[in-house]
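Here's the letter readout for the chains.
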Amino acid sequence: MTIASINYQKVNVDKGYTDRLLEVNLSDKTISVSEIPAATREMFVGGRGYCLKLVYDKTKASTRYDSPENVLAFAGGPFCGESSFAGTGKFIIGSISPLTETFCDSNVGGYFFPLVKNSGFDAITVTGKSAEDVVIFIDDAAGTISLRKAPATDSSLLTAEKLVEEWRGADKPNSIAFVSAGIGSKNTFFGCINSIYYDPRRQRCRAKQAGRGGLGTVMRDKGLWGIVVKSNLSGGAGNQADDKKRLRRAGTSLRKVIRDVDPNELRLAQQGTTSLLDMMNNNDILPVHNYKFGRDERQHLVSGKIFEEKVFDQKHPDGCFAGCTLACTKGCEGHTLTTGPFAGRTVPVDGPEYETAAAITNLGIFDIPAIMEYAWYCDEYALDTISTGVVIAFLIEAYQEGYLNRDDTDGIELKWDDQETLFNLLHRMAAGSTGFAGEIGRGIRHMKGWISERAAVRNGNDKEKIMRELELFGMESKGLEFSMYITKESLAQQGGYGFALKGPQHDESWLIALDQIKNEMPSFDEKAAALRWFPLFRTWFNIAGLCKLPWIDVRHPDAAKTDDPAKNLPTIECYLELVNSTMGTEKNLDDLLTESERSYLLHKLINLRQGFGTRMHDRIPLRAMAPVFTDEFSSRREYYVNYLKENTEIKINGQDDAELLKNLQDHRRRQYEILTDTVYAEKGFDLNGIPLDETLERLGFTDPEYLEIVAQARQRQ
Ligand code: SF4
């Protein structure tokens, strides 16, 4: 049933842009198309930059995730949909998050946004709320955008092929792509959004996820079941680069590097990102038992090699969009579910990626069928695999340490290495029952308060003291659960998580290999320089609408000849060619970094406006810096004793493990504070993490509104 509809005049892509915004208000059921101002394009480029600007403009300091005026923004970038280059199917979704209460975004691949762009739009915003679930339907050929009654299902994956069949009419199934979120998004604060497209090679729908920050929760709270786009890429005008020959040369050059390097390095095209499991375990970085331990002798049971040889179907190349020869979107065609509402069914599973698998090793489970089951159910329910797993790990540890008991957990015993604990909590959380299961879906930050209150009443203890104890190992910062890397031995990655504007997610900076494994940045200054440069260049991928894996995970052979191999500058040359051949410009790397820094600064300003964004919000739990408990210390005793001898003046002799541990913790806390000072100076912030006037001016943020946000933040200090 159609609720509202408009006809629109499509604007074709020109040099990467349509400059059109589709706006839908679900409260008054209005649909409109407007031109994106040239100044917005100039300042914020696309992707995350556009999402930030659109959310900033339409929300205010009092906006919460469930406020009607909250914006759910979707944006590709100027290279989204360019099939001559690898990694161009990505788009960004951003909003005020239920977990962090400020801007959070997540990137995701697939055909959805390339089809949206082909239909004439660079961005979409959804505001307002609908009492009944609705779906937005963009029909490129018909030239219509409509609001329709939502399909009568909360399923994300199981009904996908049926819906594609219904929606496609006489067109091919791959003319349809859609985003949607299942029941877990309705019932938790960390719902993800599935990006679903039909893969003709596998003859089924596939799903990628915008996982972080509860964007699926925002979507379902608005009464938005999903957005469907129907368009024909082969009949479209393409990305209309300014110089197509030059662009093809750059694309061919990047593909050659991928072809020559990846099979001998990470083997992403064969193993997906599960190849990281071996590397992380070998370097004490793989999370086990709520990030307590960094390796486990059972890891060989879930190695990337097993995924390559026994799990993933290798018959088809698996790019999440045409033109990506890195093709890391692996999957299997038949996993038989053994738990939950669909037990007994055999389903195809997309992924799992490293993060999903490591969320399970973090519970002490080293079993591939359990990983596949978890991956499928999280996607079907539309739950972020990272937050879901990290919440469960925290609860198990809190239970094992005596902060929770069966009275709190509705009678469930929470155990390590136990699939029953995992799936019991997962299914209950998604179903959204009241009681314990209803509470845990609100994330670790909420659960720390809930547990400390109950434990204080039960034991007659001081609630604040219990809260401080839970904060030592409750792995969240800014309200977002940590992604899946142990950072205790990498100060740079501690900063990479702590200073990340959206919370501890590795997409802003992932320095653990350079810092811990290769020791390429021993000094504070070197770490601080990396913590400025890498977040900026990584942010550029998100504003450009590009996947960063072909740059960060495939090092160009010539990079070794440069002064700073980690920056992979020869591959960046390919990206500069992509930019300039598409847009008809002659930008250099500094130009890209400045563009990125503007979006970075706007994110900082939104955080400050929402009441966050200062030094106290960049704190991370002790477990991200050092062992918390003595058994954790003892598991690597020799390493830590040597570390203390080499890096501190502490006298080792005569101290027991508890004293040594305390010394280590104090030392690590001091290191983090020094790093914070150094990084803030490098980024042009004051000691409270607030941008200096000269930083605002340098990047063109001289509007009185921006200055007022900063002035108010300074006053609060
Ligand atoms: S590298 Fe993987 S995630 Fe990135 S665009 Fe290619 S297939 Fe998609």
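The text that follows walks through the structure, step by step, so that each part is easy to find. What you see is a predicted model; the values in this text were computed from it and never measured.

1. Section: the site of the ligand
- Contacts to the ligand come from G87, K90, G319, C320, C324, L326, A327, C328, T329, C547 and L549.
- Its residues placed into classes, the shell around the ligand shows 7 nonpolar, 3 polar and 1 charged.

2. What about the nonpolar core?
- Grouped together as the largest cluster of nonpolar side chains are 220 residues, with contacts concentrated most on F74, L395 and W540.
- It is helix α20 (residues 524-544) that contributes the most residues to this core, 11 residues altogether.
- Aside from chain neighbours lying at most four places away, what touches L395 is L404, L414, L425, F436, I440, M447 and I451.
- By size, the runner-up hydrophobic cluster in this structure holds 10 residues, among which are V641, L644, I652 and L660.

3. Some points on the pattern of salt bridges
- By the definition in use, this model includes 63 salt bridges.
- Note that D57 and K53 form a salt bridge whose closest N and O atoms lie 3.1 Å from each other. Pair noted here: D57 and K53 are both in helix α2 (residues 47-58), with a separation of 4 residues, about one helical turn.
- For K53, a relative accessible area of 15% translates into the label buried.
- Note that R206 and D199 form a salt bridge whose closest N and O atoms lie 3.7 Å from each other. This pair shows no difference in class: R206 is buried, exactly as D199 is.
- Overlapping salt bridges bring together D199, R202, R204, R206, D313, K315, D318, K330, E333 and D350 as one network.

4. Some points on the packing of α20 against helix α26 (residues 657-683)
- Following both chains from N to C, one finds α20 and α26 inclined at 55°, their axes separated by 9 Å at the closest point. What the angle tells us is that α20 and α26 run oblique. Of the two elements, α20 crosses α26, and the hand of that crossing is right-handed. Between α20, through F524, D525, K527, A528, A529, L531 and R532, and α26, the contact on the second element is made entirely by Q671, I674, L675, T678, V679, E682 and K683.

Definitions and cut-offs
Residues numbered from 1 in each chain as written. Predicted model: local features only at pLDDT ≥ 70, side-chain atom pairs only at ≥ 80, totals over all residues. Heavy atoms only, no water. Near = heavy atom within 4 Å. Nonpolar A, V, L, I, M, F, W, Y, C, P; charged D, E, K, R; others polar. Core = buried A, V, L, I, M, F, W, Y, C linked by side-chain atoms within 4.5 Å. Buried < 20%, exposed > 50% of the residue type's maximum accessible area, 1.4 Å probe, protein only. Helix = DSSP H or I, 4+ residues; strand = E, 2+ residues; numbered from the N terminus. Contact = heavy atoms within 4.5 Å. Salt bridge = Lys/Arg side-chain N within 4 Å of Asp/Glu carboxyl O. Axes fitted to C-alpha atoms, helices over the stretch in contact; angles between N-to-C directions. Parallel < 35°, antiparallel > 145°, perpendicular 65-115°, else oblique. Left-handed = near helix turned anticlockwise from the far one by under 90°.

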